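Examination of the molecular architecture
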Amino acid sequence: MSHHHTSAHEVVDAIKDVDFPAGKDELIEAARRSGASKDAVAALRGIPPENYANREEVARSVRVDPASDLGTSPAQRAQQARAGGRPGQSQHLRDVPKPPVQEELDR
């Protein structure tokens, strides 16, 4: 299982429903409600306990992976590229032979 580093973008996405200005606890609660990853919630736990005027302030306060450049390291960008639906990907999935059980069901 690859270790997941959260990005500022992920955190900002997790708090998109927050009414600003908002305090740290409100932000954590909102992230939890929105189904944010444990990493995104942990990132919010790491911000200073003050009131934030907007999502940009939160993004600047979040400590993302230090190796990252504005939230995405080269490894993350590669991962996102792999995860993004590239043309030809679904074609490849259709070409995979069905498991025998599936063929039984199709008869």
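In the block above lies the structure referred to throughout.
First, a word on scope: everything that follows refers to the structure included in this document. Quick caveat: nothing in here was measured; it's all calculated off a predicted structure.

Time to look at helix H3 (residues 38-45). Of the residues making up H3, those classed as buried are Ala40, Val41, Ala43 and Leu44. Buried residues of H3 fall within an arc of 155° about the axis and therefore sit on the same side.

Side-chain pairs of opposite charge can arise whenever the charged atoms involved come near each other. Tallied over the full model, the rule gives two salt bridges. Salt-bridge contacts for Asp13 lead to Lys16; the nearest nitrogen and oxygen are separated by 4.0 Å. Residue Lys16 is classed as partly exposed on the basis of its relative accessible area, which comes to 47%. Taking the shortest distance from any N to any O, the salt bridge between Arg32 and Glu29 comes out at 3.6 Å. With a gap of three residues between them, Arg32 and Glu29 both fall in helix H2 (residues 24-33), about one helical turn apart.

Okay, the nonpolar core next. Inside soluble globular proteins, nonpolar side chains tend to come together where they are buried. Core analysis: the largest hydrophobic core is formed by 17 residues, its most contacted members being Val11, Ile15, Leu27, Leu44 and Val58. Where this core is concerned, the elements lending two or more residues are helix H1 (8-14), H2 and H3. Excluding its chain neighbours within four sequence positions, the residues that come into contact with Ile15 are Phe20, Leu27, Ala31, Leu44, Arg55 and Val58.

A contiguous patch of negative charge, built from Asp17, Asp19, Asp25 and Glu26, is present on the exposed surface. With respect to the secondary-structure elements, Asp25 resides in helix H2. A residue is classified by how much of its surface remains accessible, and Asp25, at 61% relative accessible area, is exposed.

Reading the values: the criteria
- Residues numbered from 1 in each chain as written.
- Predicted model: local features only at pLDDT ≥ 70, side-chain atom pairs only at ≥ 80, totals over all residues.
- Heavy atoms only, no water.
- Buried < 20%, exposed > 50% of the residue type's maximum accessible area, 1.4 Å probe, protein only.
- Helix = DSSP H or I, 4+ residues; strand = E, 2+ residues; numbered from the N terminus.
- Arc of directions from axis to C-beta.
- Salt bridge = Lys/Arg side-chain N within 4 Å of Asp/Glu carboxyl O.
- Core = buried A, V, L, I, M, F, W, Y, C linked by side-chain atoms within 4.5 Å.
- Contact = heavy atoms within 4.5 Å.
- Patch = residues over 30% accessible without salt bridge, like charges linked within 9 Å, V, L, I, M, F, W, Y side chains within 5 Å.
- Areas by Shrake-Rupley, 256 points an atom, 1.4 Å probe, with all protein chains shown as cover.
- Lys, Arg positive; Asp, Glu negative; His and termini not counted.
- Charge placed at Lys NZ, Arg CZ, Asp CG, Glu CD.

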